[in-house]
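Geometric and topological summary
Residues per chain, in single letters:
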Amino acid sequence: SQQGEEDPQALSIQEGENATMNCSYKTSINNLQWYRQNSGRGLVHLILIRSNEREKHSGRLRVTLDTSKKSSSLLITASRAADTASYFCATDGGDSSYKLIFGSGTRLLVRP
Amino acid sequence: SQTIHQWPATLVQPVGSPLSLECTVEGTSNPNLYWYRQAAGRGLQLLFYSVGIGQISSEVPQNLSASRPQDRQFILSSKKLLLSDSGFYLCAWSVGQGAYNEQFFGPGTRLTVL
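Because the structure is predicted, anything quoted here is derived from the model rather than measured.

Here we look at the interface of chain B and chain A
Accessible area lost when the parts come together is the quantity often used to give the size of an interface. Between chain B and chain A, the contact holds 26 residues from the first and 24 residues from the second. Between chain B and chain A, the buried area comes to about 1,900 Å², and carbon and sulfur atoms account for 55% of it. Remark: the boundary between chain B and chain A carries one salt bridge. Only strand S4 (32-38), strand S5 (44-52) and strand S9 (87-94) of chain B provide two or more residues apiece to the side of chain B that touches chain A. Grouping the constituent residues of the side of chain B that touches chain A by class yields twelve nonpolar, ten polar and four charged.

Shown next, in the form of structure tokens:
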């Protein structure tokens, strides 16, 4: 089964609004990453948060991590039409393997 | 700077035909290499990963195989394609030990098996 599960599966907002996506996972982790994928393209890394961090910022992105609840959220502030994409969380599963386990993603549509 | 190449970008193959997808990375040494498959509207399924030449770890039993003949080359193959092999195949690389660092993805190959 998937380690990371994003919620909601799809989100439609107006340009300028904030978008919040959530990710839940099942096992302990060392880090959690968020990626973005434009339709039909490869994934692009957005941000990595380590298990001992609670919050991280990068430009208009804000990521939080709550290891007690095994959940993370990605907030995109002041969204733009160009933010339209699918967003995935990925976790390392807490072991020393080289694998990332991806969730099924949130499809974000930002209406101009 | 590092770049990753995948080809072809799209591929249409009949059932039972062979497959060879190639991925190469430039600008880095001894990368960890990954093959993923993505079904339409879904997340990524890890198929294979490699931490060095000739070292392949398989995640999902299937009729696909992977090889790493050179440090920065990763090949995904099949002897006989199935309809269920259709999907979007992504190659990725990372450096360092474990899954502690970000992965960098190629542009992907859209495979349709008819």
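Examining the pattern of salt bridges
Taken as a whole, this structure holds seven salt bridges over all chains when the rule is applied. Between Lys99(A) and Glu59(B) there is a salt bridge, and its shortest N-O distance comes to 3.2 Å. Separated into two different chains, Lys99(A) in the loop between strand S9 (85-91) and strand S10 (101-102) and Glu59(B) in the loop between strand S6 (55-58) and strand S7 (64-70) make up a pair that spans both. Its relative accessible area of 23% is what places Lys99(A) among the partly exposed residues. Judged by its relative accessible area of 29%, Glu59(B) falls in the partly exposed class. Between Arg68(B) and Asp71(B) there is a salt bridge; the shortest N-O distance is 3.2 Å. Classification of Arg68(B) as buried rests on a relative accessible area of 3%. For Asp71(B), a relative accessible area of 22% puts it in the partly exposed group.

Considering the side chain of Gln6(B)
Residues and elements named next belong to chain B. Structurally, Gln6 is set in strand S1 (residues 3-7). Look at Gln6 and you get buried, because its relative accessible area is 8%. One polar contact links the side chain of Gln6 to the main-chain amide nitrogen of Cys91, over a distance of 3.0 Å. A polar contact of 3.0 Å, which involves the side chain of Gln6, links it to the backbone nitrogen of Gly108. Once residues lying within four places of it in the same chain are set aside, the contact partners of Gln6 are Glu22, Cys23, Trp35, Tyr89, Leu90, Cys91, Gly106, Pro107, Gly108 and Thr109.

Considerations on the state of the cysteines
Enumeration over the complete set of coordinates arrives at two disulfides over all chains. Note that Cys23(A) is cross-linked by a disulfide to Cys89(A), the S-S spacing being 2.0 Å. Disulfide Cys23(A)-Cys89(A): torsion about the S-S bond near 65°, hence right-handed. Here Cys23(A), found in strand S3 (residues 19-24), pairs with Cys89(A), found in strand S9; they are 66 residues apart in sequence, far enough to count as distant. Overall, the relative accessible area of 1% leaves Cys23(A) in the buried class. There is a disulfide in this structure between Cys23(B) and Cys91(B), and the S-S distance comes to 2.0 Å.

Some points on the sheet that holds strand S1 (residues 5-7) of chain A
Residue and element names in this part refer to chain A. With antiparallel pairing, five strands are arranged side by side in an open sheet as S1-S3-S8-S7-S6. Looking at strand neighbours, the two that pair on one side only are S1 and strand S6 (55-58), the edges of this open sheet. On average, adjacent strands in this sheet sit at an angle of 20° to one another, irrespective of strand direction. Sheet topology note: the S1/S3 ladder contains three bridges and is antiparallel. What sits directly across from Glu5, in S3, is Ser24.

A look at the confidence of the model for chain A
On average, chain A scores 92 in pLDDT, and the residues at 70 or more come to 96%. Taken element by element, chain A is modelled with least confidence in S1(A), mean pLDDT 81, and with most confidence in strand S7 (residues 61-66) of chain A, mean pLDDT 98.

Notes on the pairing of strand S11 (residues 109-113) of chain B
All names here are of chain B. Only one face of S11 is buried, namely the one carrying Thr109, Leu111 and Val113, since none of Arg110 and Thr112 on the opposite face is buried. Alignment of strand S2 (residues 10-13) against S11, held across four bridges, turns out to be parallel. Each bridged residue has a counterpart across the sheet, and for Gln13 the counterpart in S11 is Val113. Sheet analysis places S9 next to S11, joined by three bridges and oriented antiparallel. Residue Gly87 lies in a different strand from S11, and its bridge partner there is Leu111.

Reading guide: rules and limits
Residues numbered from 1 in each chain as written. Chains lettered and ligands numbered in written order. Predicted model: local features only at pLDDT ≥ 70, side-chain atom pairs only at ≥ 80, totals over all residues. Heavy atoms only, no water. Contact = heavy atoms within 4.5 Å. Buried area = accessible area lost by both parts, 1.4 Å probe. Salt bridge = Lys/Arg side-chain N within 4 Å of Asp/Glu carboxyl O. Helix = DSSP H or I, 4+ residues; strand = E, 2+ residues; numbered from the N terminus. Nonpolar A, V, L, I, M, F, W, Y, C, P; charged D, E, K, R; others polar. Buried < 20%, exposed > 50% of the residue type's maximum accessible area, 1.4 Å probe, protein only. Polar contact = N/O pair within 3.5 Å; in protein donor to acceptor, adjacent residues only side chain to side chain. Disulfide = S-S within 2.5 Å. Pairing = 2+ DSSP bridges. Axes fitted to C-alpha atoms, helices over the stretch in contact; angles between N-to-C directions. pLDDT = per-residue confidence, 0-100.

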